[in-house]
Amino acid sequence: MFKSRFPLCVLTYHLTPTVDHSNTTSDTMQMEQVCTKLAQRVADNYANLSKQKTGRDSPVEERPQHKHRYMVAIAGGPGSGKSTIAGDISERIRKDHKLSCSVVSVEGFMLPKADLDKMDDPEKAHARRGAEWTFDGKAMVDFIRRCRHQTEMEKQIRAPDFDEEAMDPHPHGEIVDVETQVLIFEGIYLLSDTEPWEEIQELVDDKWFVHVEPGLSRKRVAERRQNKGIEKDLDKCYQQYDESDGKNNAFITEHLGKVDLIIENNDEKGLHEPEK
């Protein structure tokens, strides 16, 4: 079981808890049930937030006075399922709770291959692509801050995305409309306690970490790499994980900042608060 080194971060505007933590720690739930609970948590917290003031007394940076927006950051190591979970929750929020919701991935903020070519050790940079230092973390933080303070003066903000075929980012990703009520950001380093990522802590309303055991992470990533045709030899896929993805998994485990909720996505599924 994952044990956080950090206490639960309690927001000062006291969002309504929607997860019964008295029994979810030991309960085994299918991921569908987990996502249903998480979507309900977001919907309830959004409703509660909308009834309150602009959040001037909140540690979260002040919101535009004319509207409310609930923002969630989901982090997790390679193979944790964070992208799938974010997409599932977003769909449930829209369909079951009738709230507009968008998902933005950190992958669009990965440095282009041309930038890696300019580094001191281009071969290492390409081999370690996906490591924390191969992302434009400042651009990610700035984007989240723009979304936090979005007003009618900037009705639409377009996020970059990642082209799986070209293996490079492009500027034509998700559009965040000023009326978007819920925003979900997902990516491995979003809740890192290192600069500049740690600035995200004060920009979002809820922080979730998807925990997966290292062995299961290794298996999922290697098999995914093989299934996508990136590498046919499964043994080489495992080797590539050990040389890159495994190091990234170890990094976020070591440098995980404050989180509000742990999502277990192992053989057993579940939700629990980090240990105090």
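From a predicted model like this one, the values you see are computed outputs, not experimental measurements. (Residues numbered from 1 in each chain as written. Predicted model: local features only at pLDDT ≥ 70, side-chain atom pairs only at ≥ 80, totals over all residues. Heavy atoms only, no water.)

Visitor: What is the right way to read the overall build of the protein chain from this model?
Guide: For the protein chain, the helix and strand inventory stands at 8 helices and 10 strands. Within the protein chain, the proportion of its 276 residues that are buried is 50%. If you take every contact in the protein chain between residues at least 6 apart in sequence, the share linking residues at least 24 apart comes to 75%. As presented, the protein chain carries roughly 13400 Å² of accessible surface, and 48% of it is formed by carbon and sulfur atoms. (Helix = DSSP H or I, 4+ residues; strand = E, 2+ residues; numbered from the N terminus. Buried < 20%, exposed > 50% of the residue type's maximum accessible area, 1.4 Å probe, protein only. Contact = heavy atoms within 4.5 Å. Areas by Shrake-Rupley, 256 points an atom, 1.4 Å probe, with all protein chains shown as cover.)

Visitor: Got a minute to help me understand the pattern of salt bridges in this structure?
Guide: When charged atoms on two side chains of opposite charge get close, those side chains can pair. Scanning all chains against the criterion turns up 13 salt bridges. A salt bridge links arginine 41 to aspartate 206; its shortest N-O distance comes to 2.7 Å. Taken together, the residues arginine 41 in helix α2 (residues 31-50) and aspartate 206 in strand β8 (residues 206-211) connect sequence positions 165 residues apart. Since its relative accessible area comes to 2%, aspartate 206 is described here as buried. One salt bridge connects aspartate 142 with arginine 145, and the closest N-O pair in it is separated by 3.8 Å. You can see aspartate 142 and its partner arginine 145 sitting in helix α6 (residues 137-148), 3 residues apart, about one turn around the helix. (Salt bridge = Lys/Arg side-chain N within 4 Å of Asp/Glu carboxyl O.)

Visitor: It is not clear to me how α6 should be interpreted in this structure. Could you clarify?
Guide: For an α-helix, the turn length of 3.6 residues means that residues three or four places apart are oriented alike. For α6, built from 12 residues, the straight-helix expectation of 16 Å at 1.5 Å per residue is met to within 8% by its first-to-last C-alpha distance of 17 Å. Within α6 the residues assigned to the buried category are Gly137, Met140, Val141, Phe143, Ile144, Cys147 and Arg148. On an axial view of α6, the arc spanned by its buried residues comes to 160°, and they lie on one face. Those residues of α6 that are buried lie in contact with β1 (70-76), β2 (101-105), β3 (156-158), β6 (175-177) and β7 (182-186). (Expected span 1.5 Å × (residues − 1). Arc of directions from axis to C-beta.)

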